[in-house]
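Letter by letter, the chains look like this.
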Amino acid sequence: MPSYTAPLKDYQFVLHDLLKVSEQDVPGYADLDRDFTGAVLEEAGKISSDVLSPLNVVGDTEGCVLENGVVRTPTGFKAAFDQVREGGWTGMDVPEQYGGQGLPYIMHTAAQEPMVSANMAFNMYQGLTHGALSAILAHGSDAQKDMYAPKLASCEWTGTMNLTEPHCGTDLGLMRTKAVPQDDGSFKVSGQKIFISAGDHDMAENIIHLVLAKIPGGPDGIKGVSLFIVPKIIVNEDGSLGDRNGVSVGKIEEKMGIHGNSTCVMNYDEATGYLIGEEHKGMRAMFVMMNEARLGVGLQGYAQSEVAYQNAVAYAKDRLQGRAVTGVQNPDGPADPLIVHPDIRRNLMDQKSFNEGARAFTFWGASLLDRAHQNSDKDAEGLVSLMTPVIKGFLTDKGFEYAVAAQQVYGGHGYIEEWGMSQFARDARIAMIYEGANGVQALDLVGRKLAIDGGKHLMGFFEMVKSFIKENEGNEALKKDFLDPLKAARKDMQAAAMYFMGSMKNPNNALSGSYDFMHLMGHVCLGYMWARMGKAAMEALDGGASDTDFLNTKIATGRYYMARQLPSTALHLARINTGADTVMALEAANF
Ligand SMILES: Cc1cc2nc3c(=O)[nH]c(=O)nc-3n(C[C@H](O)[C@H](O)[C@H](O)COP(=O)(O)OP(=O)(O)OC[C@H]3O[C@@H](n4cnc5c(N)ncnc54)[C@H](O)[C@@H]3O)c2cc1C
């Protein structure tokens, strides 16, 4: 059975040595000192290891079952959900007036990581609740906030997001679900949504579905989509629960992974719904949920890679096979442990250097979101919006790749369910698909985000990396191993961006390279994080920090990333520069 331990030291390193949160001029950050964040994250780690992790395999093997129209979750989920609820984990960053703790979003992000590593399927019930709550807080009326926010923040009620229909997932303009206005100001929502995560379950007394639908007579396509609150059980004006709404579960999908999460076909049959925000502006409201959700899905990607890595390391130290090429390491045993072999090391270093870089990137993204929301900082908002498809697409692609790489350390035992490694890979796979498939993230990045505000945020990022390199060029310890590779990677990214600007006449050229660009940019972002972490670790050592082992390991891991991973940017650039000719050469009939 796999195990999991939250990497608490690394959370603290990223929050304090890298991001220096308590020095940042963002409301609430001054209170985030080492003791406070350490205590909160230790608790998050404890519930993750002790309660959620043991239920991961249970969720995978039992799955969810639809019984008499209600979904039954796997054994132990309900009791664990009660514990999560009692711990107040979902509403951590929700304003106190709605029953939350009013902490910054970065704390929510950091506390989510161990829970997602420990049990991704389980955590989606509260993850979607948090997303629904954010959309209501951002776009709901005061009355809607008062009615729904406290119950969602406490997780007494849970939330869902309903976009996908049988004939449309990416192209939501094709949506057919309709919402007909009623005399009392409410709407009757009818239609079918599919693949709805946490669509139904037995762990909360009500479920608040956020549903995209079209009001008849509105504009065609995506411009005619509005967002509605559709409760499973209607909430009376005094807050008590009333009649059952016209919402039912058609079936639960059988799927490759995240079996512990109920993925439901939801049927809306003249269900009572309440408009959130303005008519036909549903996508804008849903985007609040989607941007946050995309950061959360990026986190899912590397969090699965992290737990898979932890188990692969334990196995590599334990399993005896062959002898080290440079001489016997375990003379008393029949063979040396796997970890002596360079190819196993390469594999583990790939995983480790990705996980730690991805964590830094995600926490940095969360700090930009805090800055954007709490300080109304438009530059931070633009930058995080540019980064969002990269966080989602790159971290989930790589997260899956490294969950598979961790499986490889186990040889055949990685493929056998008994060891639990296949679940990490199967669970990680969905993160590349939902919240906008990764190809569409790349399209969003190259087709839309690069040019936003006249390319200001892209230029801002180039400038940020350039300034960092320039400011630190005199630092010999940093220059060769960190700054020079970063400089080369940044140059590749700039050349790719220039290529796209010159290829506007043939958009196929740009879009044939969009996936490579998402990965190229992902590497530059992680390279930038690693250069900053290398510097932070060196400074901590110079300052006499006691945990020299951790800090030296950090620097060595960073050197690995810069030497062995970051040069991938050159390959991505070379592919981008070939344009669309070979990609689009065949007629559809020739495939
Ligand atoms: C387990 C699971 C849970 C889910 N949870 C939810 C949920 O809670 N709520 C919800 O609303 N949905 C949910 N989804 C749906 C998910 O978000 C969609 O499946 C996803 O967005 C892709 O839509 P699609 O399946 O219709 O694929 P399509 O839109 O048909 O796309 C198919 C492929 O074509 C590519 N593609 C599409 N358009 C373009 C284009 N213009 N250019 C280039 N490539 C393109 C895509 O990248 C993809 O690879 C879930 C799905 C699963 C499997």
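Here the structure is a predicted model, which is why all the values come from computation and not from measurement. (Residues numbered from 1 in each chain as written. Predicted model: local features only at pLDDT ≥ 70, side-chain atom pairs only at ≥ 80, totals over all residues. Heavy atoms only, no water.)

J.: So what's going on with the pattern of salt bridges? Residues and values would help.
T.: Considering all chains together, one arrives at 32 salt bridges under this definition. For Arg 346, the salt bridge is made with Asp 350, and the minimal N-O distance between the two is 3.6 Å. Of this pair, Arg 346 and Asp 350 both sit in helix α9 (residues 342-374), four residues apart, roughly one helical turn. The partly exposed category is assigned to Arg 346, whose relative accessible area is 32%. Put simply, Asp 444 and Lys 449 hold a salt bridge, and the shortest N to O gap is 3.1 Å. Ionic contacts of the salt-bridge type, sharing partners, join the residues Asp 10, Glu 113, Glu 306, Lys 352, Glu 356, Arg 359 and Lys 554 into one network. (Salt bridge = Lys/Arg side-chain N within 4 Å of Asp/Glu carboxyl O. Helix = DSSP H or I, 4+ residues; strand = E, 2+ residues; numbered from the N terminus. Buried < 20%, exposed > 50% of the residue type's maximum accessible area, 1.4 Å probe, protein only.)

J.: Could you give an account of the packing of helix α16 (residues 514-542) against helix α18 (residues 568-576), naming the residues involved and the relevant values?
T.: Between α16 and α18, the shortest axis-to-axis distance is 9 Å and the interhelical angle comes to 155 degrees. Comparing their axes, α18 and α16 come out roughly antiparallel. The interaxial crossing formed by α16 with α18 has left-handed handedness. Contacts between α16 and α18 involve Asp 516, Phe 517, His 519, Leu 520, His 523 and Val 524 from the first element and Ser 568, Thr 569, His 572, Leu 573, Arg 575 and Ile 576 from the second. Here the contact of α16 with α18 is built from residues that sort into five nonpolar, five polar and two charged. (Axes fitted to C-alpha atoms, helices over the stretch in contact; angles between N-to-C directions. Parallel < 35°, antiparallel > 145°, perpendicular 65-115°, else oblique. Left-handed = near helix turned anticlockwise from the far one by under 90°. Contact = heavy atoms within 4.5 Å. Nonpolar A, V, L, I, M, F, W, Y, C, P; charged D, E, K, R; others polar.)

J.: Mind laying out the environment of Ala 403, listing which residues take part and the relevant values?
T.: Mapped onto the elements, Ala 403 comes out in helix α10 (residues 378-409). Overall, the relative accessible area of 0% leaves Ala 403 in the buried class. Taking the C-alpha atoms as reference points, Ala 403 and Met 203, separated by 200 residues in sequence, lie 29 Å from one another. With residues up to four places along the chain from it excluded, the contact list for Ala 403 reads Ser 305, Ala 308, Phe 424, Ala 425 and Ala 428.

J.: How would you sum up the pairing of strand β9 (residues 241-244)? Please name residues and give values.
T.: With two bridges joining them, strand β8 (residues 233-235) and β9 adopt antiparallel strand pairing. Paired with Val 235 across the two strands is Leu 241, which belongs to β9. Here β8 folds back onto β9, and the loop between the two strands holds five residues, one of which, Gly 239, carries a positive phi near 95 degrees. (Pairing = 2+ DSSP bridges.)

J.: Explain the packing of α16 against helix α17 (residues 548-565) to me, using residue names and the numbers behind them.
T.: At a minimum axis distance of 9 Å, the contact between α16 and α17 shows a crossing angle of 150 degrees. In terms of axis orientation, α16 runs roughly antiparallel to α17. The way α16 lies across α17 gives a crossing that is left-handed. Contacts between α16 and α17 pair His 523, Leu 526, Gly 527, Trp 530, Ala 531, Met 533, Gly 534, Ala 537, Met 538, Ala 540 and Leu 541 from the former with Thr 548, Leu 551, Asn 552, Lys 554, Ile 555, Thr 557, Gly 558, Tyr 561, Met 562 and Gln 565 from the latter. When the residues that make up the contact of α16 with α17 are grouped by side-chain class, the tally is 12 nonpolar, eight polar and one charged.

J.: So what's going on with the site of the ligand? Which residues, and what values?
T.: Around the ligand, a shell composed of 19 residues is seen, among which Leu 163, Thr 164, Thr 170, Phe 195 and Ser 197 lie nearest. Between the ligand and Thr 164 there is a distance of 2.7 Å, counted from a nitrogen atom to a side-chain nitrogen or oxygen. In the environment of the ligand, a nitrogen atom lies 2.7 Å from a nitrogen or oxygen atom belonging to the side chain of Ser 197. Within the complex, the protein chains bury 62% of what would otherwise be the 970 Å² of accessible surface of the ligand. Broken down by secondary-structure element, the contributors of at least two residues to the shell around the ligand are β3 (157-162), β5 (187-197) and α12 (438-449). Per-element accounting of the shell around the ligand gives the leading share, three residues, to β5. Residues belonging to the shell around the ligand are distributed by class as follows: 10 nonpolar, seven polar and two charged. (Near = heavy atom within 4 Å. Polar contact = N/O pair within 3.5 Å; in protein donor to acceptor, adjacent residues only side chain to side chain. Areas by Shrake-Rupley, 256 points an atom, 1.4 Å probe, with all protein chains shown as cover.)

J.: Mind laying out helix α3 (residues 54-62), listing which residues take part and the relevant values?
T.: Taken residue by residue, α3 has Leu 55, Asn 56, Gly 59 and Asp 60 as its buried positions. Projected down its long axis, α3 shows its buried positions confined to an angular sector of 145 degrees, all on one face. In this fold, the buried residues of α3 make contact with α2 (34-52), α4 (77-86), α5 (105-118), α6 (120-139) and α11 (421-429). Taken from the residues just after α3, Gly 63 is the one with a positive phi, measuring 65 degrees. (Arc of directions from axis to C-beta.)

J.: Help me get a handle on unusual backbone geometry, residues and values and all.
T.: Even without glycine at this site, Glu 270 takes up a positive phi of about 50 degrees. The topology assignment puts Glu 270 in strand β11 (residues 263-276). Here Ser 376, not a glycine, exhibits a phi torsion of approximately 45 degrees, which is positive. Considering the arrangement of structural elements, one finds Ser 376 in the loop between α9 and α10. The class for Ser 376 is exposed, based on a relative accessible area of 56%.

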